[in-house]
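Descriptive structure summary
For reference, the chains in residue letters:
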Amino acid sequence: MGGTYSMGFADIHIHTIYSYDATTTVRGVLKQASSVGLNVIAITDHDDIRGAFDARELSSQYGVEVISGVEINTRDGHLLALFVEAMPPSGLSLAETLKHIGGLGGIAVAPHPFNQLPGSLSMDNVVSTLTKPALKNVLRGIEVYNMTNQPFDERVQRLSDYLPFAKTAGSDAHVYWAIGTGKTEFNGTTAAELRTALESGTTIPHPYEEDIMRKYLFNWLRRITMRKLGYVSDSPEPDEAIQTQRMDLRFTKKQRTEGKSKKKS
Ligand SMILES: [Zn+2]
Ligand SMILES: [Zn+2]
């Protein structure tokens with residue numbers, strides 16, 4: 001930490017209301033990311049890249065650099081695609097998905113891995129990429145801190161010491177205050193420098209505080225209930241959750257359906 005180099009902080013696993021289960025608007029995410037001092041964020045909505053594009057367009061107003069990303073539902077579990085300008089198809093194997101991401105010039109991180117839940121990549125999945133250069137050059141990181149994976153984090157950290165991947169920490173934020181609670185430190189302050197750090201395995205993951213999960217769940221439940229009723233808020237302030245904008249659910253639903261049926265690469 002500190003020293004002669006300038007070190008940056010990134011949260012590379014953040015959801016916006018383009019994810020069906022998130023409560024955070026694009027502007028609200030940028031506002032919060034900026035106020036907690038992040039240099040770089042990646043927007044990684046579930047099978048949807050539009051939130052990332054929106055955020056990037058607005059990012060200069062908030063002084064935060066945005067990486068366009070997406071959390072893809074592969075057949076083997078979730079996968080974060082970063083630095084992509086198009087959405088890789090969902091529902092493919094990890095290997096096939098990595099090839100798509102590589103073709104798009106991006107790299108990937110395994111989020112909340114090794115917990116034996118259906119949404120998570122297994123140790124076998126991840127290790128099998130190491131023998132194939134075309135995959136190894138794309139899957140560069142594993143997320144060793146993710147509050148939704150908290151019971152398994154310690155195991156992931158131990159295993160990651162034996163694996164040649166960059167270690168990352170992501171908030172997996174679906175509510176504002178979670179943004180930046182899991183953060184990745186890197187040499188430099190820009191998205192390009194973060195990419196270099198991921199590719200050279202020099203990132204430093206920083207955990208959230210202990211026992212954050214319950215607070216997260218409570219806050220998320222409150223906000224997701226509001227969202228189901230059709231209201232979202234740009235405001236990260238916890239007590240302003242009720243001062244919300246009417247959300248056009250039909251519009252979002254239509255976009256989601258289109259996104260699903262389109263499936264073009
Ligand atoms: Zn996930
Ligand atoms: Zn996620």
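Residues numbered from 1 in each chain as written. Chains lettered and ligands numbered in written order. Predicted model: local features only at pLDDT ≥ 70, side-chain atom pairs only at ≥ 80, totals over all residues. Heavy atoms only, no water.

Notes on the coordination of the zinc ion (ligand 2)
For the zinc ion (ligand 2), the full set of protein donor atoms is H13 (NE2), H15 (NE2), E71 (OE) and D172 (OD), and the range of their distances to it is 2.1 Å. Around the zinc ion (ligand 2) sit four donor atoms, and with donor-metal-donor angles ranging over 83 to 174° the site reads as irregular. Within one chain, the residues serving as donors to the zinc ion (ligand 2) are arranged as H-x1-H-x55-E-x100-D. The two metals, the zinc ion (ligand 2) and the zinc ion (ligand 1), are separated by 3.6 Å and share E71 as a common coordinating residue. Of this pair, H13 sits in strand β1 (residues 7–14) while E71 sits in strand β3 (residues 65–74), and the two are 58 residues apart along the sequence. Given a relative accessible area of 0%, H13 falls into the buried group. Judged by its relative accessible area of 1%, E71 falls in the buried class. (Donors = N, O, S within 2.8 Å, 3.2 Å for Na, K, Ca; no water. Tetrahedral: all angles 85-135°; square planar, octahedral: opposite > 155°, others 65-115°. Helix = DSSP H or I, 4+ residues; strand = E, 2+ residues; numbered from the N terminus. Buried < 20%, exposed > 50% of the residue type's maximum accessible area, 1.4 Å probe, protein only.)

A short note on the side chain of T16
Examined against the element boundaries, T16 turns out to sit in the loop between β1 and α1 (26–35). Leaving out residues up to four positions away in the same chain, T16 has contacts with A22, T24, V26, V29, I43, D45 and G51. (Contact = heavy atoms within 4.5 Å.)

Observations regarding helix α8 (residues 213–228)
An ideal rise of 1.5 Å per residue puts 22 Å on 16 residues; α8 measures up with 22 Å between its terminal C-alpha atoms. Buried residues of α8: Y216, N219, R223, I224, M226 and R227, and no others. Along the axis of α8, the buried positions cluster into a sector of 150°, meaning they face one direction only. Away from its buried face, by an angle of more than 90 degrees, α8 presents the exposed residues R214, F218 and K228. Immediately beyond the C-terminal end of α8, within one or two residues, lies G230, with a positive phi of roughly 105°. (Expected span 1.5 Å × (residues − 1). Arc of directions from axis to C-beta.)

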